[in-house]
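Residue-level listing of the chains:
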Amino acid sequence: MSGKVTDQSTGEGLPGVSVIVKGSTVGTATGAEGSYTINVPSDGSTLVFRFIGYQVIERPIENSNVIDISMSVDSKQLQEVVVTAIGIEREAKSLGYAASKVSGEELTKARATNVVDGIAGKVAGVRITQASGSLGGSSKVVIRGTNSFGGSNPLFVVDGLPISNNAPGGNTPTGNGAVDYGNRASDINPDDIESMTVLKGAAATALYGARARDGAIIITTKKGAEGRVKVTLNSSTRFDEVLRLPDFQNEYAQGNYGKYDLKNTNGWGPKISEVQDVPVKNFLGEDVALQAYPDNVEDFFQTGMTYINNVAFEGGGKEGDFRLSLGSTNQTGIIENQGLDRYNVGLNAGRSFQDKLTVRTSINYVKTTTEGRPVQSSNSPNVLTSSIFGLPRTVDINRLRDNYVDPVTGAQIALTPDKTGNNPYWIINRNTNDSDLERMYGNAVISYKPLTWLTISNNAGVDFYTEDRFNRTSKGTFGALEGEFYKATIQNRVINNDFIVTAERDITSDLNLKVMAGHNIYSSLYETQSVTARNLTIDGLYDYANATSTVPGQTISERRVVGVWGDLGLSFRDYLFLNITGRNDWASTLPVDNRSYFYPSVSTSFVFTDALNIQSDFLNYGKIRASWANVGSAADPYGLDYNYSPATTYFVQYSLSGTFPHNGLLGFSAPRTLPNFGLKPQNQNNIEIGADFRFLDNRVNLGVTYYDTKTSDQIVSLDVPLSTGYFAKRVNVGAVLNSGVEVELGVTPLRTSDFDWTTTFNFSRNVQSVEDLPESLEFYGLASGWSGLQIKAEEGKSFGLYGTAWQRDPEGNLIINPNTGLREVEQGKRLGSINPDWMMGINNSFSYKGINMGFLVDIRQGGVFYSGTVASLRSSGLAEETLENRGSIFVDRGVNKTADETFVPNTTPVQSMQDFWGKYSATANTEGNVFDASYVKLREVRLSYTLPRRWLENTFIGDAQFGVEGRNLWIIHSNVPHIDPESNFFGAGSVGEGVEFNTMPTTRTLGFNLRITL
């Protein structure tokens, strides 16, 4: 028998269609043009034609030796082909676990400059948190809760290549301020993405091994299509403004206890309206009458601009295809002298040679240059936000801008006589933080099909980037008067190779078997070289020869994992599926006796509507699924040996400090952590069950999932007595449990020939608990902030925020000091969970003829959030709420503790509201600055119009669309005053979150979009 299989809609031949004699193991596949030849046994009566995305066809064998088939697309199937681990395409109905797919079209509706932000609010169980409002800032991804004391870092995979999503922070030379340099997933061009699949559970990611313990985000890029070359342009111009500024009081000047004092940059001075006839000195030494400048902070910021442009060329023939993409993102910040320029080049090309050999390669190049990244956090003279928000209300921002440098001496003009803070214009003009990054990542896939049922393939790829950082601090900067600079070069390299053999046969007409075996090599190398130079001789000359002190630094981290794996898939009558996998890894970072570890998974799904042949106008599709998996993970590099680090300086108590080499001798610092030669891999056990339904002619889609994950044998460093000669020892101890539910609901309430309205809801609730800590360990510290603030793991509770709290009596009343009227505090108390109770996203889409409109609402409920910015605003008397009770008697509600340990109502007034807010919102008083972290945000909005094609018939334009788009337009609800509650002091790479210190304000962006196809 012979024939040709074509696409019903295009008439083109379909290669790779499975042609099987029903009831036998005899089969073949169509060639490049859709043709086939098959020898049919004498008892063969029917041919079965099967191709992913198309309806299955059975054709009886009659008298003719030629059977031509025209296959039509199965719309249900086509939408449900999912790219899973190792790039394996599977039908969604065969999956025994949850896998959420986001289309490239959805990601580019209102493109985010960081592709990670593009899935915020769109996938159940996925939490996205922006670290700051800095240009090119980082975003943190957490899938189904944090599984480890070391944090949660999902694996990013592009066209089968695991790539780096590092987010290395940057400390400034003086103090502990930090610069947000972004996370590397932001290098991905969203216009190149065909689809993004989020694999959440261990069964879904088991074939990736330990690297995907926290989930995986699988990105498939766009390819060319057969036909003439098509050119696509996508261009956006946007205007960026501060999303939220603090609410300031404008009634009181700077000073102390009601008296004007230029030394204090705060709001605790006299009432402005009551001292109009009393001239005072301003920061320039001029005699002026006090007046408020309500917009002085707002006027410091400017409207930033964002230009996102992408042009793609694609085409192909019967034997090959290509797509070349050129993208650019150019931004100016909301602060002067801030800018970002990112350029992307992407090539995806493939070719078939005869019917057996195919080759495909994907190459991506990225170059990103940034200027003026702000310093955030605290304890650095260059922290920008505190310099801006801390301006007294009587400071004219225009005078500040025009007078930050003495025209005669070139020195900085101080805001205070004792020079306690830097002019923000000095910081943004003289003390800049820049970076320059180049990155190349890509892979080549070769597939050979010696038999119709056997495929041998190899996917080899590399991801390499180099980033140069340059931080300058000019001479004359208060806090670093002699000037300094910092240069660093970061290099990261990932090499990955997957060799895969795939065999697929129909065992019988009802039973299909697919067996896969693979070998994986994964190697990563991370290296930094840095030099901090201090005490500059000549201002503005940032050369090592111009510094009297230079301190070099070097970090190297290399690891390798070698793995083998197998995957067995069974399909019975295309409605009952079973998948079994096993992988064994050998990790370079574990002891020889424990470096080999095996982890299996089992998943199954049952499409009961097909099995029971349910024909119903109400229930169109029903599937139940379940999975179990066990995954191991290794330790960080170099934890198994005694590591001695080169030292550049030394300090001796009651003696002199010095530098190495000393008298010709080199110095090394001894290891602080005792190695553990019996260290074991962490172990994760995951169970997941769920169901998927479609109702009412597929107008209602519902997916429900329950999961339970336990990650045990956590690898931690525990404190030991100093008499051992070490500070800590590395051990396996403790477990983290995450269990929860996810609901994804899609509804089309109204659909006509011209109008369509679709709404999708995703809801998730995750409950986290720490278990199996030793009795001697009450807490385990995960991350630290300032003044006793910590993120800790405590037995039986979720990761939480700990710090100073109000003292309370047994009834919960606040205990007030009877002498001062101020609240008493106690140390080391839990103040709440850093995790939300639940999350929800609501995405609406409307279309009427050529008009399309959509908006996304993102909701977080629960958890706590500490704000260092609010602490500073309140304690300095600049926040609007500090006006309350000024000049009047205020008695705080609470009780006094008596000598006989009883409690009586408090009657002691506070001495002044300056004392009250100074104690209430001191940085060291954690609870006074903790808020409910819940919020509701309008995350995305888009309105577009597609021109009718008849208008373009006599032009070179195929399609054209004009639109208005916006991101982060409105904080609908928040319990955190003055700032955006979506900030993270700890950054994207840390386990810590729920804390903010002087973070750059986030932005709302609104603009225009043009899309043209030629």
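Predicted model only: the values in this text are computed from it and were never measured.

### Side note on the side chain of Thr 528
- Summarising the element assignment, Thr 528 is placed in strand E32 (residues 511-536).
- Relative accessible area serves as the criterion here: at 12%, Thr 528 is assigned to the buried category.
- Excluding anything up to four places from it in sequence, Thr 528 contacts Thr 489, Ile 490, Gly 553, Gln 554 and Thr 555.

### Remarks on the sheet that holds strand E54 (residues 864-867)
- Strand order in the open sheet made by the three strands is E57-E54-E60, with mixed pairing throughout. With one partner strand each, in any of the chains shown, strand E57 (930-932) and strand E60 (995-996) form the two edges of the open sheet.
- Helix H8 (residues 868-875) rests against E54, E57 and E60 of the sheet, and its axis sits at about 50° to E54.

### Some thoughts on the sheet that holds strand E7 (residues 69-71)
- Pairing is mixed in the open sheet, where three strands are placed in the order E4-E1-E7. Only two strands of the sheet have a single neighbouring strand rather than two, namely strand E4 (35-37) and E7. The average angle at which neighbouring strand axes cross in this sheet is 25°, direction not considered.

### Describing the side chain of Thr 473
- Tracing the chain through its elements places Thr 473 in strand E30 (residues 454-473).
- When its relative accessible area of 3% is taken as the criterion, Thr 473 is described as buried.
- In this structure the side chain of Thr 473 is engaged in a polar contact, spanning 3.0 Å, whose partner is the side chain of Asn 382.
- Beyond its immediate chain neighbours, meaning those up to four positions away, Thr 473 contacts Asn 382, Asn 431, Ala 480, Gly 483, Glu 484, Leu 536 and Tyr 542.

### Points about the pattern of salt bridges
- Considering all chains together, one arrives at 58 salt bridges under this definition.
- Between Glu 742 and Arg 144 there is a salt bridge whose closest N-O contact spans 2.8 Å. Here the residue Glu 742 occupies a position in strand E46 (residues 735-751), and Arg 144 occupies one in the loop between strand E12 (139-143) and strand E13 (155-158), the gap between them amounting to 598 residues.
- Note on Glu 742: relative accessible area 3%, which makes it buried.
- Between Arg 439 and Asp 187 there is a salt bridge whose closest N-O contact spans 2.8 Å. With a gap of 252 residues between them, Arg 439 in strand E29 (residues 433-451) and Asp 187 in the loop between strand E16 (178-179) and strand E17 (193-199) connect regions that are remote in the sequence.

### Describing unusual backbone geometry
- At Asp 159, a residue that is not glycine, the phi angle is positive and equals roughly 50°.
- Note that Asp 159 resides in the loop between E13 and strand E14 (161-163).
- A relative accessible area of 18% means that Asp 159 is categorised as buried.

### What about the pairing of strand E50 (residues 800-806)?
- Within E50, seven of the seven residues are buried, leaving the element largely enclosed by the surrounding structure.
- Linking strand E49 (residues 790-794) to E50, which pair antiparallel, is a turn of five residues; within it Gly 796 sits at a positive phi near 80°.
- Both E50 and strand E51 (residues 825-833) contribute to a ladder of six bridges, which runs antiparallel. Residue pairing for E51: Gly 803 is matched across the bridge by Lys 829.

### Focus on a negative patch on the surface
- Together, Glu 241, Asp 295, Glu 298 and Asp 299 make up a region of like negative charge exposed at the surface.
- Take Glu 241: it is sitting in strand E19 (residues 227-242).
- On the basis of relative accessibility, which here comes to 40%, the residue Glu 241 falls in the partly exposed class.

### Quick look at a nonpolar patch on the surface
- Among the surface-exposed residues, Phe 239, Tyr 848, Ile 851, Met 853, Leu 943, Tyr 945, Trp 951, Val 964, Leu 1006 and Phe 1008 lie close enough to one another that they form a single nonpolar patch of about 930 Å² accessible area.
- Contributions of two or more residues to the nonpolar patch are made by strand E53 (851-861), strand E58 (935-946) and strand E61 (1003-1013).
- A residue is classified by how much of its surface remains accessible, and Met 853, at 36% relative accessible area, is partly exposed.

### Points about H8
- Across the eight residues of H8, six count as buried, placing the element largely inside the fold.
- Turning to H8, its buried residues number three or more, namely Gly 868, Thr 869, Val 870, Ala 871, Leu 873 and Arg 874.
- Next to the buried residues of H8 lie helix H4 (384-389), E54, helix H9 (913-920), E57 and E60.
- Where H8 starts, the residue carrying a side-chain oxygen 3.4 Å from the main-chain nitrogen of Thr 869 turns out to be Ser 867.
- Of the residues one or two after H8, Gly 877 is the one with positive phi, at around 75°.

### Remarks on the nonpolar core
- Counting residues in each nonpolar core, the largest one holds 29 residues, and the members touching the most others are Phe 149, Phe 799 and Leu 801.
- Residue assignment for this core shows that the elements contributing at least two residues are strand E44 (715-719), strand E48 (779-784), E49, E50 and E54.
- The element that contributes the greatest number of residues to this core is E48, accounting for three residues.
- Leaving out residues up to four positions away in the same chain, Leu 801 has contacts with Leu 789, Gln 790, Ile 791, Lys 829, Arg 830, Leu 831, Gly 832, Ile 834, Val 864, Tyr 866, Val 930 and Val 995.
- With 26 residues, the next largest nonpolar core counts Val 297, Val 395, Leu 415 and Trp 426 among its residues.

### Things to note about the packing of aromatic side chains
- Using the criterion set out here, one finds 31 aromatic pairs in the structure.
- Where Phe 149 meets Phe 799, the ring centres are 6.1 Å apart and the plane angle is 50°; that geometry is what we call tilted. Here Phe 799 lies in the loop between E49 and E50 and Phe 149 lies in the loop between E12 and E13, a separation of 650 residues in the sequence. One exposure class covers both Phe 149 and Phe 799, and it is buried.
- Taking 5.6 Å as the distance between ring centres and 20° as the angle between the ring planes, the aromatic pair formed by Phe 485 and Tyr 544 counts as stacked.

### Remarks on H9
- Within H9 the residues assigned to the buried category are Met 913, Gln 914, Phe 916, Trp 917 and Tyr 920. For H9, the angular spread of buried residues about the axis comes to 160°, placing them on one side.
- For H9, the elements touching its buried residues are strand E20 (255-256), E50 and H8.

Parameters at a glance
- The numbering scheme is per chain: residues are counted from 1 as the chain's sequence reads.
- Whole-chain, interface and lining totals are the exception, using all residues; otherwise, since this is a predicted model, local features are given only for residues with pLDDT of at least 70 and side-chain atom pairs are given and counted only at 80 or more.
- Neither water nor hydrogens contribute to the side-chain values; these are computed over all heavy atoms in the structure.
- Only DSSP runs of H or I reaching four residues or more are called helices, and only runs of E reaching two or more are called strands; each is numbered from the N terminus.
- To sort residues, take the accessible area from a 1.4 Å probe on protein chains only and compare it with the maximum for the residue type: under 20% means buried, over 50% means exposed, and anything in between is partly exposed.
- For this analysis, residues touch if any pair of their heavy atoms sits within 4.5 Å.
- DSSP-based pairing: two strands are paired if at least 2 bridges between them are found.
- Between N-to-C directions, angles span 0 to 180 degrees; the directions come from axes that are lines fitted to C-alpha atoms, helices contributing only their stretch in contact.
- In the analysis that follows, any N or O atom pair within 3.5 Å is treated as a polar contact, provided that within protein one partner can donate a hydrogen and the other can accept it, and provided that, for residues neighboring in sequence, both atoms belong to side chains.
- What counts as a salt bridge is simple: a side-chain nitrogen of Lys or Arg found within 4 Å of a carboxyl oxygen of Asp or Glu.
- To count toward a patch, a residue needs a relative accessible area over 30% and no salt bridge; like charges are then connected within 9 Å, while nonpolar side chains (Val, Leu, Ile, Met, Phe, Trp, Tyr) are connected within 5 Å.
- Areas reported here follow the Shrake-Rupley algorithm with a probe of radius 1.4 Å; residue values treat only the protein chains shown as occluding.
- In this count, Lys and Arg are taken as positive residues and Asp and Glu as negative ones, while His and the chain termini are left out.
- To locate a charge, the coordinates of NZ of Lys, CZ of Arg, CG of Asp or CD of Glu are taken.
- Here, nonpolar core means buried Ala, Val, Leu, Ile, Met, Phe, Trp, Tyr and Cys residues that are tied together by side-chain atoms lying within 4.5 Å of each other.
- Aromatic contacts are taken between Phe, Tyr and Trp rings whose centres are within 6.5 Å, Trp giving its six-membered ring; a plane angle under 30 degrees counts as stacked, one over 60 as edge-to-face, and the others as tilted.
- Throughout, the arc means that of the directions going from the helix axis to the C-beta atoms.

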